[in-house]
Amino acid sequence: METDLQTLREALCHTGRSLYARGYVHGTTGNISARVPADAGGGFLITPTDACLGSLDPARLAWVDDDGRQRSGDRASKTLALHRRIYQAAPAAGCVLHTHSRHLVALTLRGVWRDTDILPPLTPYQVMKVGHVPLIPYRRPGDPDVAEHVASLIARHAEAGRVLRAVMCERLGPQVWHETPVGAMAVLEELEETAALWLMSDCRAAPLDEARIEELRRHLGAQW
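Note that the structure is a prediction, hence the values are computed from the model and not measured.

A count of helical and extended segments in the chain gives 7 helices and 8 strands. Expressed along its principal axes, the backbone C-alpha trace of the chain runs to roughly 50 × 35 × 30 Å. A total of 224 residues make up the chain; the buried ones form 50% of that total. Accessible area of the chain: about 10,700 Å², with a carbon and sulfur share of 51%. For the chain, the separation between the mean place of its 25 positive charges and that of its 27 negative charges on side chains is 3 Å.

Per the stated rule, a full pass over the model turns up 12 salt bridges. As a salt-bridge pair, Glu148 and Arg85 come within 3.0 Å of each other at their nearest N and O atoms. Taken together, the residues span a long stretch of sequence, with Glu148 in helix H5 (residues 144–159) and Arg85 in helix H2 (residues 80–89) at a distance of 63 residues. For the salt bridge of Arg165 with Glu179, the shortest nitrogen-to-oxygen distance reads 3.8 Å. Of this pair, Arg165 sits in the loop between H5 and strand S7 (166–169) while Glu179 sits in the loop between strand S8 (173–178) and helix H6 (181–200), and the two are 14 residues apart along the sequence. You can call Glu179 partly exposed: its relative accessible area is 38%. The network of salt bridges with common partners includes Asp65, Asp67 and Arg69.

Here H6 spans 28 Å end to end across 20 residues, near enough to the 28 Å set by a 1.5 Å rise per residue. Within H6, burial applies to Pro181, Gly183, Ala184, Met185, Val187, Leu188, Leu191, Glu192, Thr194, Ala195, Ala196 and Trp198.

This brings us to the sheet that holds strand S4 (residues 70–72). One open sheet holds the 8 strands; their spatial order is S4-S3-S2-S1-S5-S8-S7-S6, and the pairing between them is mixed. The strands lining the two open edges of the sheet, one partner per strand, are S4 and strand S6 (135–136). Two strands pair when backbone bridges link them, and strand S3 (residues 62–64) and S4 are joined in this way by 2 bridges, in the antiparallel orientation. Its bridge partner being in S4, Trp63 is matched across the sheet by Ser72. On top of the sheet, H6 reaches strand S5 (95–98), S7 and S8; it is set at about 140° to S8, its chief contact.

Before going further, it helps to examine unusual backbone geometry. Its identity as a non-glycine residue notwithstanding, Arg171 has a phi of 70°, on the positive side. Turning to its location among the elements, Arg171 is positioned in the loop between S7 and S8. Unusually for a residue other than glycine, Cys203 sits at a positive phi of about 55°.

What follows is about the UniProt feature "domain: Class II aldolase/adducin N-terminal" (unreviewed entry) in the chain. As annotated by UniProt and renumbered to match this structure, "domain: Class II aldolase/adducin N-terminal" (unreviewed entry) occupies residues 10–199. The distance from the first to the last C-alpha atom of residues 10–199 is 35 Å, and the span holds 38% helix and 16% strand.

This next bit is on the nonpolar core. In this structure, Leu19, Ile118 and Leu191 are the most contacted members of the largest nonpolar core, which totals 40 residues. It is H6 that provides the largest number of residues to this core, a total of 7 residues. If we ignore the near neighbours within four places in the chain, the residues touching Leu19 are Tyr24, Val25, Ile32, Leu53, Thr99, Met185 and Leu188. Core analysis: the next-biggest nonpolar cluster, separate from the first, contains 23 residues, Leu82, Ala90, Ala93 and Val146 among them.

On to the side chain of Asp117, then. Structurally, the position occupied by Asp117 is in the loop between helix H3 (102–110) and helix H4 (124–130). With a relative accessible area of 2%, Asp117 lands in the buried category. Once residues lying within four places of it in the same chain are set aside, the contact partners of Asp117 are His132, Val133, Pro134 and Trp224.

Evaluation of the coordinates by the stated rule reveals 0 disulfides. Not part of a disulfide, Cys13 finds its nearest cysteine sulfur in Cys52, a span of 11 Å. Cys203 takes part in no disulfide bond, and the closest cysteine sulfur, belonging to Cys169, lies 20 Å away.

Cut-off values and rules
- Residues numbered from 1 in each chain as written.
- Predicted model: local features only at pLDDT ≥ 70, side-chain atom pairs only at ≥ 80, totals over all residues.
- Heavy atoms only, no water.
- Helix = DSSP H or I, 4+ residues; strand = E, 2+ residues; numbered from the N terminus.
- Buried < 20%, exposed > 50% of the residue type's maximum accessible area, 1.4 Å probe, protein only.
- Areas by Shrake-Rupley, 256 points an atom, 1.4 Å probe, with all protein chains shown as cover.
- Lys, Arg positive; Asp, Glu negative; His and termini not counted.
- Charge placed at Lys NZ, Arg CZ, Asp CG, Glu CD.
- Salt bridge = Lys/Arg side-chain N within 4 Å of Asp/Glu carboxyl O.
- Expected span 1.5 Å × (residues − 1).
- Pairing = 2+ DSSP bridges.
- Contact = heavy atoms within 4.5 Å.
- Axes fitted to C-alpha atoms, helices over the stretch in contact; angles between N-to-C directions.
- UniProt positions renumbered as here; feature names shortened; annotations may be inferred.
- Core = buried A, V, L, I, M, F, W, Y, C linked by side-chain atoms within 4.5 Å.
- Disulfide = S-S within 2.5 Å.

Okay, structure coming up:
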């Protein structure tokens, strides 16, 4: 049991170092969490409040139970409530990332494509790996209303037969989730790169048309 929990701790720290080294977060911004399997003790691991993701200590990660009560480690990030709500709304999620990725934040300052999709469908891998990314209007960090807004969006997309994997918080950054830290980081990377391409085109690049998107649905299972 302890080996499994330790492996998860180390995976979160590795993810934090990678995000920090590549400029996806800076200073003490951003946070990462992971669902702890029941046979490893259950609950969640999350980065401590005001921690630098580039220098995380596996032993100091906050371990909380399913109700958010602290078990061990440093004090949990103030975004714990949002992370827990995402896990409740998306049972397949095993990891949640929040970063202050530069191009995505810049996009909200300039103005996103539309509230239901911060970016148009520009590339096939964006359509296949990321999908729709709604905008969450600005709220202060830690505002509990954000958690309920995100949960309602997850449910709305599920009703439409789609899996939502990310939302964009205006002026703050993306919340991204997936089954594993590696999977969540891959979604984040694709999303940030697409935002950079959109800004480089002065937000004028032509989106993929419906025929090309339908081809991705038919041949590759895209959910756009």
